[in-house]
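Spelled out from the first residue to the last, the chains are:
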Amino acid sequence: MNSFKKYLAELIATFSLVFIGAGAILTNNSLIGVALAHGLVLMSMIYATAHISGAHVNPAVTIGMWVTKKISTKNTNFYIIAQLLGAAIASYLLLAIFPNSPSELHLGATALASNVTVGMGILIEAILTFFLVFTIFAVAVDKRGKNGAFGLAIGLVLTFDILVGGSLTGAAMNPARSFGPALASGFWNNHVAYWVGPLIGSVAASLAYNSLLLNKK
C-alpha cells in the first residue's frame, strides 16, 4: 500500500506538471508565462508529494536517484511508468479541452528551434537538467541543505532554465514532459533529444554531487 501511494503521488504530480505546463503553452504561449507556469506547478507538487514519494516528477530525476542507490530498481521502474502515465493522461485531457488548438503547438510538445541540431539539443537539455538535478541534490537530498524552501528553489531552477532554453529546445529537462504531448499529438520530431539529454544531465549531476559534495555522515 505504501508503494502504491508513492506511485500514485508521482502520477498525480507529473499529471499536474504536464497539464499546467503544456496547457500554459496553449493558453498563453509567452515565454515568461510558460516558465512561471512550469516553475509554480513543480514547486506546488513538490510540497504536496515530497513526503509521500520524494517528488521526483521526472524520469530523469528518478534515474539520477537510482544510479546513486537512493531508490530501488523496482521503484525506479514503477515511478517511471507512473510518471509517463500521468503525462499521457494530462495530454489527452488537453486534447479534449483544446481540440482546435493551433497545430503548430502540438499540444504543447517540446520542439527544437530550426537552428538547433539534435546534437545541440541534447547538449542544451543535458546542461539544463544538470542545473535542476544538482539543485535537487543540494536542497532536498543533502541533509545540510534541507529546509522549508527546497520546493521554491527547485521550482525556480525550472523557471530560469525555461527562460534560457525555452526558445531553443522547449527546455523539457524531463522525458515525461515531452512524452505526453508527443503521444497525444503524434509529434515525435527529435524526440530522442528529450530522453538522452535529460538522462545525461541527471546522471552527471547526481554522480558529481553524490561523489564529491554530499555529506554522507
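Definitions and cut-offs
Residues numbered from 1 in each chain as written. Predicted model: local features only at pLDDT ≥ 70, side-chain atom pairs only at ≥ 80, totals over all residues. Heavy atoms only, no water. Helix = DSSP H or I, 4+ residues; strand = E, 2+ residues; numbered from the N terminus. Contact = heavy atoms within 4.5 Å. Axes fitted to C-alpha atoms, helices over the stretch in contact; angles between N-to-C directions. Left-handed = near helix turned anticlockwise from the far one by under 90°. Nonpolar A, V, L, I, M, F, W, Y, C, P; charged D, E, K, R; others polar. Core = buried A, V, L, I, M, F, W, Y, C linked by side-chain atoms within 4.5 Å. Buried < 20%, exposed > 50% of the residue type's maximum accessible area, 1.4 Å probe, protein only. Parallel < 35°, antiparallel > 145°, perpendicular 65-115°, else oblique. 1 Å grid on protein atoms, 1.4 Å probe; cavity = no way out; pocket = protein on both sides within 12 Å on 5 of 7 lines; lining within 4 Å. Points joined across faces, edges and corners; volume = space filled by probe spheres on them.

Caption draft 1: Highlighting the side chain of Thr-129. Tracing the chain through its elements places Thr-129 in helix 5 (residues 118–141). For Thr-129, the contacting residues outside a window of four places in its chain are Ala-60, Asp-161, Met-173, Pro-198, Gly-201 and Ser-202.

Caption draft 2: Region of the structure containing the packing of helix 3 (residues 59–67) against helix 8 (residues 193–213). Interhelical geometry of helix 3 versus helix 8 gives an angle of 35 degrees and a closest axis separation of 8 Å. You can see that helix 3 and helix 8 cross each other, and the crossing is right-handed. Of the residues in helix 8, those touching helix 3 at Pro-59, Ala-60, Val-61, Ile-63, Gly-64 and Val-67 are Pro-198, Leu-199, Ser-202, Val-203, Ser-206 and Leu-207. Classifying every residue of the contact of helix 3 with helix 8 gives nine nonpolar, three polar and no charged.

Caption draft 3: Quick peek at the nonpolar core. Counting residues in hydrophobic clusters, the biggest one holds 58 residues, and the most contacted among them are Leu-42, Met-65, Ile-154, Ile-162 and Met-173. At the level of elements, helix 1 (2–27), helix 2 (31–53), helix 3, helix 4 (73–97), helix 5, helix 6 (150–165), helix 7 (175–185) and helix 8 are the ones that each hand at least two residues to this core. Setting aside residues no more than four positions away along its own chain, Leu-42 makes contact with Leu-17, Val-57, Ile-154 and Leu-158.

Caption draft 4: View of the packing of helix 5 against helix 6. Packing of helix 5 against helix 6 leaves a shortest axis separation of 9 Å and a crossing angle of 170 degrees. The pairing of helix 5 with helix 6 is recorded here as roughly antiparallel in orientation. Packed against helix 5, whose contacting residues are Leu-128, Thr-129, Phe-131, Leu-132, Thr-135, Ile-136, Val-139 and Ala-140, the element helix 6 presents Phe-150, Ala-153, Ile-154, Val-157, Phe-160, Asp-161 and Gly-165 at the interface. Per-class residue counts for the contact of helix 5 with helix 6 are eleven nonpolar, three polar and one charged.

Caption draft 5: Expanded view of empty space enclosed by the protein. Overall, the coordinates contain one cavity of 30 Å³ or more when judged by the stated rule. Reported here for the largest cavity is a volume of approximately 40 Å³. Contributing to the lining of the largest cavity are Ala-109, Thr-110, Ser-178, Ala-182, Phe-187, Trp-188, Asn-189, His-191 and Tyr-194. In the lining of the largest cavity, the residues fall into five nonpolar, four polar and no charged.

Caption draft 6: Quick look at unusual backbone geometry. One non-glycine residue, Ala-55, lies in the positive phi region at around 55 degrees. Looking at where Ala-55 falls in the secondary structure, it is placed in the loop between helix 2 and helix 3. Its identity as a non-glycine residue notwithstanding, His-106 has a phi of 50 degrees, on the positive side. Its place among the elements puts His-106 in the loop between helix 4 and helix 5.

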